[in-house]
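# Structure at a glance
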Amino acid sequence: MYSLTDRKDRLEQAAEPENLAQETIINNLAPQEAQRLSRVRNIGIAAHIDSGKTTVTERVLYYTGRIKSIHEVRGKDAVGAKMDSMDLEREKGITIQSAATYCDWIKKEKGREEKYHINLIDTPGHIDFTIEVERALRVLDGACMILCAVSGVQSQTITVDRQMKRYNVPRISFVNKMDRAGANPFKAVDQITHKLRLPAAAMQVPIGVEDEFKGVVDLVNMKAIYSEGLKGETVRVSNEIPSDVRPLAEEKRRRLIETLADVDDEIAEIFLDERTPTVEQIKAAVRRATISLKFTPVFMGSALADKSVQPMLDAVCDYLPNPAEVENLALDRRRQEAPVKLVSYNSLPFVGLAFKLEESNFGQLTYIRVYQGSLKKGANIFNARTSKRVKVPRIVRMHSNEMEDTTEIGAGEICAVFGIECASGDTFTDGTLGYSMTSMFVPEPVISLSIKPKDNNQLPNFSKAMARFQREDPTFRVHVDIESQETIISGMGELHLDIYVERMRREYNVACAIGQPQVAWRETITEKVNFDHTLKKQTGGAGDFARVVGWIEPTGALDENQFENQVTGGAISEKFIFACDKGFQMSCQKGPLVGHKVLGAKMVINDGATHMTDSSEMAFKTATQQAFRKAFSGGRAQVLEPIMKTTITAPNEFQGNIVGLLNKSNATISDTEIGPEDFTLYADCSLNSMFGFSTQLRAATQGKGEFGMEFSHYSPTTGQLQYVIFHFLVG
């Protein structure tokens, strides 16, 4: 254990991150702590949809002894994969929520068996659930990027690569599905280098391909590795490489050393001296280059055929960093949010980040990554955002939807706690530090739907579900439209929102009616119209009398409405003029055409008449509203629609498809920027034509296109749409 002085010194050094090298942190670790951290790996499994992430995770759990039998993602036994714990996941055969687990892998090193502790998060592949990948990568130290041996780098692989680069996550790559027809792992290696712009080299070559796939050759040790037994649980290592594979293995080993020479100084020196590096030198160089984000080693196998998953687990231990080797920064709010380095020592004050929330039978489950210090059951921790102190009643380690209680979690570990009210992205400390960690990047929603429960008796459950889903998922947004009074839900795609509607039905027993949200139309006039309107009502006692004379005209700009008083000689007193103004403003809130706001209208009152007893403020307000309605319909009124400033980014090969899409939507393209690989297009599009655009864009760009929208201005709708609005929406 460190003394109090040592602790103070460490914190002072951490306050100047540029002067505290990660190497210094590792060298100053207590021997016991260094031993513990060197055997910890926090990794995520990420890839394009249907690349086999959950299947790989299932094999990892089986080979590490966490589960006793293997079940497939869409298995005939109706059990489903361990990490797909939701019924919806098992039915659809996709991962919807990232699931955390932990396991111990026994690795043979220099004749000894070493136990590695692996915290693992299986993430979804579908782009609609991209926030699940985002928050997993925010807290992980390394990742395994899985590619299909046939398809190679796909659209979501590019998104995952961008997310890994955003959080500086080192990765190893695993080319899965080597037993499929058309499998070519070297195409995937080339695509990683050229499409993802990350130097890559094969660490293995296959022994047989497609249905002849038997195992791999380890290019570092130049040994053949076979997976044998009923479920590939027996790994046989042979010094004899099949003669038909040896030439390829030797060529790819040379390529590996050449690629390493480009990214690592030590290997470059050996390569220039025309020497051959040793096994230890190659391994050390791969580890250095991987951790410094200059290189990704590529492994290969087939999870479904139970082949070559164990060597990938060895690679996780060999080449991905332990928690002490990764630089993590926080902001010190007591020093104007100056950056400060987090040091993964158990003896230092606690700092952790809540990165994911889930509702369970026991209350809110909060996933926490411990960056510094340790988290103990019963401890009081401090929420940096709310400035509230909370007690930790229960700490668990997660194994998909199962949990195992524990009393303490050390620095560099991941756990979950119960009984803590917080939001996703909150920082927790022990109260002695003013640290706060930056939260994860949350993409803006791209699609919206109106939603309401079919039965009004279900409103309490409906509200509960909405509140819970918003807490759990930062990309799921809910608001009530002020004009239409509709509840609008927004998300990352149609599947994303469909899943939440289905979860509401299953988990809260609330059946919902959904539809496109109403567009916020506006109304205006295009011609000047005179009016002379008298309100005269006599009912027994005092009646109502008000006469207003003037005109309505367009202001020339589709912005605020204007009221002008040109009355002379006191024909209408000042207090009644104020009532006329109020009547005009109320009329503009709900226009005569489609009941939406009026823009760009000016009302001028220049004459009128009053009655000694029957005139009142209410009478003049009502008279103005009636005069406005009558005059408005005679001024060639128009319906306006919102125009959105839209930005679309996609690879250059899809430019023609996107221009065609926008032409169909009657969009106006204002600018185009063409880069070496991607282009960005700026256009003004009507909001009404943008419903369903995210789905059309994905179809037109193989899922590689992205777009964003923000409101620009209002513009008259087309004549055809005016007709539809009048005859169908109104009449």
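Cut-offs applied
Residues numbered from 1 in each chain as written. Predicted model: local features only at pLDDT ≥ 70, side-chain atom pairs only at ≥ 80, totals over all residues. Heavy atoms only, no water. Helix = DSSP H or I, 4+ residues; strand = E, 2+ residues; numbered from the N terminus. Contact = heavy atoms within 4.5 Å. Areas by Shrake-Rupley, 256 points an atom, 1.4 Å probe, with all protein chains shown as cover. Core = buried A, V, L, I, M, F, W, Y, C linked by side-chain atoms within 4.5 Å. Buried < 20%, exposed > 50% of the residue type's maximum accessible area, 1.4 Å probe, protein only. pLDDT = per-residue confidence, 0-100. Pairing = 2+ DSSP bridges. Axes fitted to C-alpha atoms, helices over the stretch in contact; angles between N-to-C directions. Expected span 1.5 Å × (residues − 1). Phe/Tyr/Trp six-rings, centres within 6.5 Å; stacked < 30°, edge-to-face > 60°. Polar contact = N/O pair within 3.5 Å; in protein donor to acceptor, adjacent residues only side chain to side chain. Parallel < 35°, antiparallel > 145°, perpendicular 65-115°, else oblique. Left-handed = near helix turned anticlockwise from the far one by under 90°. Nonpolar A, V, L, I, M, F, W, Y, C, P; charged D, E, K, R; others polar. Salt bridge = Lys/Arg side-chain N within 4 Å of Asp/Glu carboxyl O.

## Remarks on the overall build of the protein
Helix and strand counts for the protein stand at 19 helices and 37 strands. Of the contacts made within the protein by residues no fewer than 6 positions apart, 72% connect residues no fewer than 24 positions apart. Carbon together with sulfur atoms contributes 48% to the accessible area of the protein, which is approximately 32500 Å² in total.

## Digging into the nonpolar core
Judged by nonpolar contacts, the single largest core of 45 residues is most densely connected at I172, L260 and M312. For this core, the element with the most residues is helix α12 (residues 310–319), which contributes 6 residues. Those residues in contact with I172, other than ones at most four positions away along the chain, are A143, C144, M145, T296, P297, F299, M312, A315, V316, Y319 and L320. Core analysis: the second largest hydrophobic core is formed by 39 residues, A143, V175, V217 and V298 among them.

## Structural notes on the confidence of the model for the protein
When the pLDDT values of the protein are averaged, the result is 83; 89% of them are 70 or greater. Confidence, read as mean pLDDT per element, is least for helix α1 (residues 4–14) in the protein (58) and greatest for strand β11 (residues 296–300) (94). Every residue in residues 1–5 scores below 50 in pLDDT, and together they form 8 contacts with partners more than four places removed in sequence or on other chains.

## Quick word on the pairing of strand β35 (residues 668–674)
Consecutive side chains along a regular strand alternate between the two faces of the sheet. Bridge analysis of β35 against strand β36 (residues 678–686) gives 6 bridges, and the strand direction is antiparallel. Note on β36: the bridge partner recorded for I674 is F679. What sits between the antiparallel neighbours β35 and β36 is a turn of 3 residues.

## Considerations on the sheet that holds strand β10 (residues 234–238)
Reading across the sheet, the 4 strands line up as β7-β8-β9-β10 and stay open at both edges, with antiparallel pairing between neighbours. Since the sheet does not close on itself, it has two edges, and those belong to β7 (204–207) and β10, each with one partner. Along the sheet, successive strands turn relative to each other by an average axial angle of 30°, direction set aside. The sheet contact formed by strand β8 (residues 215–218) and strand β9 (residues 223–228) spans 4 bridges and is antiparallel. If you follow D218 over to β9, its bridge partner there is K223.

## Some details on the environment of L313
Along the chain, the position of L313 falls in helix α12. In the structure, L313 is positioned 250 residues away from Y63 in sequence and 9.5 Å away in space, judged by C-alpha atoms. Contacts of L313, omitting those with residues within four sequence positions, involve V60, T64, W105 and I118.

## Focus on helix α14 (residues 494–508)
Along its 15 residues, α14 runs 21 Å from first to last C-alpha, staying within 8% of the 21 Å computed at 1.5 Å per residue. Looking only at α14, the buried set comprises H496, L497, I499, Y500, V501, R503, M504 and Y508. Once α14 finishes, N509 follows within two positions and takes phi at roughly 60°, a positive value.

## Quick look at unusual backbone geometry
In this structure, K177 takes a positive phi of about 65° despite not being glycine. By relative accessible area, which is 17% here, K177 ends up buried. Notably, N509 is not glycine yet its phi reads approximately 60°, a positive angle. Inspection of the secondary structure assignment puts N509 in the loop between α14 and β28 (512–515).

## Considerations on the sheet that holds strand β26 (residues 477–480)
Taken in spatial order, the 4 strands make up an open sheet running β26-β27-β25-β28, and their pairing is antiparallel. Each edge of the open sheet is held by one strand with a lone partner, namely β26 and β28. Taken pair by pair, the neighbouring strands of this sheet meet at an average axis angle of 30°, ignoring direction.

## A short note on the packing of aromatic side chains
The full count for this structure, using the stated rule, is 11 aromatic pairs. Each ring, one from F584 and one from F628, has its centre 5.8 Å from the other, and the planes form 70°; the classification is edge-to-face. Here F584 is found in helix α15 (residues 574–589), whereas its partner F628 is found in helix α16 (residues 617–633), with 44 residues between them in sequence. The exposure classification of F584 matches that of F628, with both residues buried. Of the aromatic side chains, those joined through ring pairs into one cluster are F469, F476, Y500 and Y508.

## A short note on the side chain of T64
Within the secondary structure, T64 sits in the loop between α4 (53–63) and α5 (87–92). We classify T64 as buried; its relative accessible area is 14%. Separated by 2.7 Å, the side chain of T64 and the backbone oxygen of V60 make a polar contact. Side-chain polar atoms of T64 contact the backbone oxygen of L61, separated by 3.2 Å. Aside from chain neighbours lying at most four places away, what touches T64 is C103, D104, W105 and L313.

## Quick word on the packing of α15 against α16
For the pair α15 and α16, interaxial distance at closest approach is 7 Å and the crossing angle is 40°. With respect to α16, the element α15 is oriented oblique. The two elements α15 and α16 cross, and the hand of that crossing is right-handed. For the pair α15 and α16, the contacting residues are K575, F576, A579, C580, K582, G583, F584, M586, S587 and C588 in the first and E617, F620, K621, T624, Q625 and F628 in the second. Its residues assigned to classes, the contact of α15 with α16 shows 8 nonpolar, 4 polar and 4 charged.

## Some details on helix α9 (residues 246–263)
Over its 18 residues, α9 extends 26 Å from the first C-alpha to the last, a length consistent with the 26 Å expected when each residue adds 1.5 Å. Those residues of α9 not exposed but buried are A249, K252, R253, L256, I257, T259, L260, A261 and V263. On the buried face of α9, the contacting elements are α8 (185–194), β6 (200–202), β7, β8, α10 (265–272) and α11 (279–291).

## What to know about the pattern of salt bridges
This model, assessed by the stated rule, comprises 31 salt bridges. Salt-bridge contacts for R275 lead to D273; the nearest nitrogen and oxygen are separated by 3.4 Å. Classification of R275 as partly exposed rests on a relative accessible area of 45%. Here D273 falls in the partly exposed class, since its relative accessible area comes to 47%. Here the salt bridges do not stand alone but share partners, grouping E33, R36, R397 and E413 into one network.

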